[in-house]
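Coordinate inspection notes
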Amino acid sequence: MTIKDKIQEDMKTAMRAQDKERLATIRLILAALKQREVDERIVLSDEQILATLNKMIKQRRDSIAQFESGNRPDLAKKEADEITVIQCYLPAQLSEHEVMAAVTAAIAESGASSAKDMGKVMGILKTKLQGKADMTLVSAKVKEHLG
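Residues numbered from 1 in each chain as written. Predicted model: local features only at pLDDT ≥ 70, side-chain atom pairs only at ≥ 80, totals over all residues. Heavy atoms only, no water.

Spanning 21 residues, helix H2 (residues 20-40) covers 30 Å between terminal C-alpha atoms, matching the ideal 30 Å at 1.5 Å per step. Those residues of H2 that sit buried are Leu23, Thr25, Ile26, Ile29, Leu30, Leu33 and Glu37. Buried positions along H2 lie against helix H1 (3-17), helix H3 (46-69) and helix H4 (73-87). (Helix = DSSP H or I, 4+ residues; strand = E, 2+ residues; numbered from the N terminus. Expected span 1.5 Å × (residues − 1). Buried < 20%, exposed > 50% of the residue type's maximum accessible area, 1.4 Å probe, protein only. Contact = heavy atoms within 4.5 Å.)

Quick look at the structure:
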């Protein structure tokens, strides 16, 4: 079952359960996926769906920061609830130990010896860890290891 199929099944379940908040978020997800498919004239793969979901989470985190600075905790909570629903469709995140093991293996694989080689290492890690780890943290670990 693809991620998109799971999202559509969860939409039906939310409709039956009359869970309006979850249903609204799932509809937002499906609309974002459909919009991307129409814009790019493609059928999204699971990797592209994960990238879209990660982008949606980032947008909501940015909104939460703005709402909190604007003294709107009600809207910040709504965005946080949406993040919780969206995260259900992401694969489990790797632990810090697993990320460090992947970084060490990628550095060995690429033969990187200094910060100049960071692009090679990140290229390898992006394909292996995309959606499974926060790439900002992965980048920081690579810098720490090479620097």
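Moving on: the side chain of aspartate 117. Its location among the elements puts aspartate 117 in the loop between helix H5 (96-110) and helix H6 (118-129). We classify aspartate 117 as buried; its relative accessible area is 14%. Those residues in contact with aspartate 117 that sit more than four places away from it in its chain are Gly111, Ala112 and Leu146.

The first and last C-alpha atoms of H5 sit 21 Å apart over 15 residues, in line with the 21 Å expected at 1.5 Å per residue. At the exit of H5 stands glycine 111, carrying a positive phi of roughly 75 degrees.

A few words on the environment of arginine 60. As for its placement among the helices and strands, arginine 60 is situated in helix H3. Owing to a relative accessible area of 11%, arginine 60 belongs among the buried residues under this scheme. Placed 19 residues apart in sequence, arginine 60 and glutamate 79 show a C-alpha to C-alpha distance of 5.7 Å. What arginine 60 contacts, discounting residues up to four positions off in sequence, is Leu28, Glu79, Glu82, Ile83 and Ile86.

If you look at the biggest cluster of nonpolar residues, it comprises 22 residues, and the most contacted ones within it are Ile3, Ile7, Ile26, Ile29, Leu53 and Tyr89. Contributions of two or more residues to this core are made by H1, H2, H3 and H4. With six residues, the single largest contributor to this core is H3. Each residue touching isoleucine 29, except ones within four places of it in the same chain, is listed here: Ile7, Leu53, Met56, Ile86 and Tyr89. (Core = buried A, V, L, I, M, F, W, Y, C linked by side-chain atoms within 4.5 Å.)

Geometric values such as these leave the question of function open.
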